[in-house]
Amino acid sequence: MVKGIENLHASGFYNLHLSVVVHKNNYKDLKRIADFLLVFKPLIITFDALVLSGNARKNTGRLAVRLNEAAGYLKEALSLLIKLKKRFCVSSFPLCLFECKFWPYFRIHRYACSAVNLGLKREEEYIVRPDGLSLSSKCIDCQLKKYCPGTWENYYEVLGDDELNPQLLDAKKYLYLNIKSLIKKRSPEALGPNLIDTGKYR
């Protein structure tokens with residue numbers, strides 16, 4: 001990977017989007033990995049849950065990690081990137097496993113509902129999830145289901161959904177208030193990529 005990035009830099013490509021796939025062999029080192037990747041000055045770093053299909057599914061015991069176990073370590077990495085004002089986003093992790101201060105940094109796909117629409121009279125829009133991402137049956141009454149990316153369908157098939165914690169209170173207002181405070185900063189480095197990509201915070 002390092003050699004590949006160096007070759008891209010040598011060819012004049014610097015605005016790199018680096019993706020970290022979270023699995024059993026790296027989830028405890030996510031903060032260290034994020035710190036290491038900053039050396040290459042990426043445009044953005046994305047954290048994705050492992051897709052349990054193909055060879056990954058055949059090696060579930062060696063590669064699969066429960067999302068709630070990985071979330072604790074991922075929060076450490078995200079906190080570091082927030083502190084350093086670096087661009088990043090989280091994809092294919094359910095919102096309910098994270099405190100609301102992290103929610104604005106979750107990927108909300110630009111052709112659907114942007115999280116910034118909360119409280120701005122655009123609640124009629126729903127996320128259109130890419131193929132393979134879905135919510136669990138446990139999420140049916142969750143107040144975040146309109147805005148949550150969910151996770152990969154095959155995760156539920158292999159590991160179930162015991163760790164999911166549907167938000168039955170009015171979690172919406174906490175998400176809106178947190179985003180509102182970020183918007184006031186008007187700093188691209190302080191905003192999640194879902195807000196920058198859509199431009200709807202302007």
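How each quantity is defined
Residues numbered from 1 in each chain as written. Predicted model: local features only at pLDDT ≥ 70, side-chain atom pairs only at ≥ 80, totals over all residues. Heavy atoms only, no water. Helix = DSSP H or I, 4+ residues; strand = E, 2+ residues; numbered from the N terminus. Buried < 20%, exposed > 50% of the residue type's maximum accessible area, 1.4 Å probe, protein only. Expected span 1.5 Å × (residues − 1). Bend = angle between axes of the 7 residues up to and from the residue. Contact = heavy atoms within 4.5 Å. Core = buried A, V, L, I, M, F, W, Y, C linked by side-chain atoms within 4.5 Å. Arc of directions from axis to C-beta. Pairing = 2+ DSSP bridges. Axes fitted to C-alpha atoms, helices over the stretch in contact; angles between N-to-C directions. Phe/Tyr/Trp six-rings, centres within 6.5 Å; stacked < 30°, edge-to-face > 60°. Lys NZ or Arg CZ within 6 Å of the ring centre and 35° of its normal. 1 Å grid on protein atoms, 1.4 Å probe; cavity = no way out; pocket = protein on both sides within 12 Å on 5 of 7 lines; lining within 4 Å. Points joined across faces, edges and corners; volume = space filled by probe spheres on them. Nonpolar A, V, L, I, M, F, W, Y, C, P; charged D, E, K, R; others polar. Patch = residues over 30% accessible without salt bridge, like charges linked within 9 Å, V, L, I, M, F, W, Y side chains within 5 Å. Areas by Shrake-Rupley, 256 points an atom, 1.4 Å probe, with all protein chains shown as cover. Salt bridge = Lys/Arg side-chain N within 4 Å of Asp/Glu carboxyl O.

Colleague: Hey, could you go over the side chain of Glu 163 for me, with residue numbers and the actual values?
Modeller: Of note, Glu 163 is situated in the loop between helix H6 (153-159) and helix H7 (171-185). Take Glu 163: its relative accessible area is 10%, and that puts it in the buried class.

Colleague: Describe in detail helix H5 (residues 67-83), supporting the description with residues and values.
Modeller: An ideal rise of 1.5 Å per residue puts 24 Å on 17 residues; H5 measures up with 23 Å between its terminal C-alpha atoms. Considering bend angle alone, the principal kink of H5 is centred on Tyr 73 and spans about 30°. Residues Leu 67, Ala 70, Ala 71, Leu 74, Lys 75, Ala 77, Leu 78, Leu 80 and Leu 81 constitute the buried set of H5. Turning to H5, the residues buried within the fold contact strand E1 (17-22), helix H2 (30-37), strand E2 (44-49), strand E3 (88-91), strand E5 (151-152) and H6. Looking one or two places after H5, you find Lys 85, whose phi comes out positive at around 60°.

Colleague: So what's going on with the nonpolar core? Which residues, and what values?
Modeller: Formed by 47 residues in total, the largest nonpolar core has its most connected members in Phe 47, Leu 74, Leu 78, Phe 93 and Phe 98. In terms of residue count, the dominant contributor to this core is H5 (seven residues). Setting aside anything within four residues of it in sequence, one finds Phe 93 in contact with Val 22, Asp 48, Ala 49, Leu 67, Ala 70, Leu 74, Phe 98, Phe 106, Pro 149 and Gly 150.

Colleague: So, H2: which residues are in play, and what are the values?
Modeller: Within H2 the residues assigned to the buried category are Leu 30, Ala 34 and Leu 37. Take H2 and look down its axis: the buried residues cluster within an arc of 65°, on one side only. Taken together, the buried residues of H2 touch E1, E2 and H5.

Colleague: Now, about the sheet that holds E2: what can you tell me, with residues and values included?
Modeller: Strand order in the open sheet made by the three strands is E1-E2-E3, with parallel pairing throughout. Across the chains shown, the open sheet's two edge strands, defined by having one partner strand only, are E1 and E3. Pairs of neighbouring strands in the sheet enclose a mean axial angle of 20°, with direction left out of account. Most of the contacts of H2 go to E1, to which it runs at about 165°, and overall it touches E1 and E2.

Colleague: Hey, could you go over the packing of aromatic side chains for me, with residue numbers and the actual values?
Modeller: What the rule picks out here adds up to seven aromatic pairs. Relative to Phe 102, the ring of Phe 98 lies with its centre 6.3 Å away and its plane at 80°, an arrangement referred to as edge-to-face. Residue Phe 98 shares its accessibility class with Phe 102, and that shared class is buried. Within the aromatic cluster, the residues linked to one another by ring pairs are Phe 93, Phe 98, Phe 102 and Phe 106. Positioned over the ring face of Phe 98 is Lys 75, at 5.9 Å from the centre of the ring.

Colleague: Report on empty space enclosed by the protein, specifying residues and quantitative values.
Modeller: With the rule as written, the count across this model stands at three cavities of 30 Å³ or more. Its boundaries defined by the atoms lining it, the largest cavity holds a volume of some 100 Å³. Forming the boundary of the largest cavity are Pro 94, Cys 96, Leu 135, Cys 139, Cys 142, Leu 144, Lys 145, Cys 148, Gly 150, Leu 164, Asn 165 and Pro 166. In this model, the second largest cavity occupies a volume close to 70 Å³. What lines the second largest cavity is simply Val 22, Ala 49, Leu 50, Leu 52, Leu 63, Ala 64, Val 65, Leu 67, Ala 70, Phe 93, Tyr 155 and Leu 159. Sorting the residues of the lining of the second largest cavity by element identifies H5 and H6 as the ones contributing at least two each. Of the residues belonging to the lining of the second largest cavity, the class tally is 12 nonpolar, no polar and no charged.

Colleague: Mind laying out a nonpolar patch on the surface, listing which residues take part and the relevant values?
Modeller: The grouping of Val 2, Phe 36 and Val 39 at the surface amounts to a nonpolar patch, some 250 Å² of accessible area in total. By secondary structure assignment, the location of Val 2 is in helix H1 (residues 2-10). Judged by its relative accessible area of 32%, Val 2 falls in the partly exposed class.

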